[in-house]
Amino acid sequence: MSGFLLRIIINAVILIVVVAELPGIFVDTLGGTLLGATIVGLANAAIRPLLAVAALPFNALTLGGITVMTNIFTPFMVVKALPGFQISGAVALMTGVLLMTVCSFMLSKVIHDR
């Protein structure tokens, strides 16, 4: 459990850096950023596996395209549901999601749950 909480905190810091450095992604408050990182982390842990299982037959047909769409739209749905988050374009969305995905993947390989 402590590894999961540590990953959420580090993901929040990464989200703060992504918001500060990428033009096109805006967050009103630091609390909103922490809440967003928590919800995105929970969505990655709960919603994405369910979508992956549901999309399994279509993954073979699209050569993994459904997985890419799932990686993009899961955080997008969460961020759109949170007040104070604004994303101005598709390029900012894809860049932010790509950075968050790579960082989350690396964190999950380095920090394990005990």
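These numbers come from a predicted model, not from an experiment.

Peer 1: So what about the confidence of the model for the chain? Which residues, and what values?
Peer 2: Of all residues in the chain, 81% have pLDDT values of 70 or greater, and the mean over the chain is 75. Element-level mean pLDDT values for the chain span from 70 in helix α4 (residues 65-81) up to 81 in strand β1 (residues 25-27).

Peer 1: Would you mind going over the packing of helix α1 (residues 2-21) against helix α5 (residues 90-110) in detail, with residue names and values included?
Peer 2: Two elements in contact, α1 and α5, have axes separated by 10 Å at closest approach and are oriented at 150°. Here α5 runs roughly antiparallel to α1, going by the angle between their axes. When you trace α1 past α5, the crossing you get is right-handed. For the pair formed by α1 and α5, the contact residues are Arg7, Ile10, Asn11, Ile14, Leu15 and Val18 on the first element and Gly96, Leu99, Met100, Cys103, Ser104, Leu107 and Ser108 on the second. Of the residues in the contact of α1 with α5, the class split is eight nonpolar, four polar and one charged.

Peer 1: A description of the environment of His112 should follow, citing residues and the corresponding values.
Peer 2: As for its placement among the helices and strands, His112 is situated in the segment after α5. For the pair His112 and Leu6, spaced 106 residues apart in sequence, the C-alpha separation works out to 9.7 Å. Once residues within four sequence positions are removed from consideration, His112 is found in contact with Gly3 and Arg7.

Here is what the cut-offs are and how they apply
- Residues numbered from 1 in each chain as written.
- Predicted model: local features only at pLDDT ≥ 70, side-chain atom pairs only at ≥ 80, totals over all residues.
- Heavy atoms only, no water.
- pLDDT = per-residue confidence, 0-100.
- Helix = DSSP H or I, 4+ residues; strand = E, 2+ residues; numbered from the N terminus.
- Axes fitted to C-alpha atoms, helices over the stretch in contact; angles between N-to-C directions.
- Parallel < 35°, antiparallel > 145°, perpendicular 65-115°, else oblique.
- Left-handed = near helix turned anticlockwise from the far one by under 90°.
- Contact = heavy atoms within 4.5 Å.
- Nonpolar A, V, L, I, M, F, W, Y, C, P; charged D, E, K, R; others polar.

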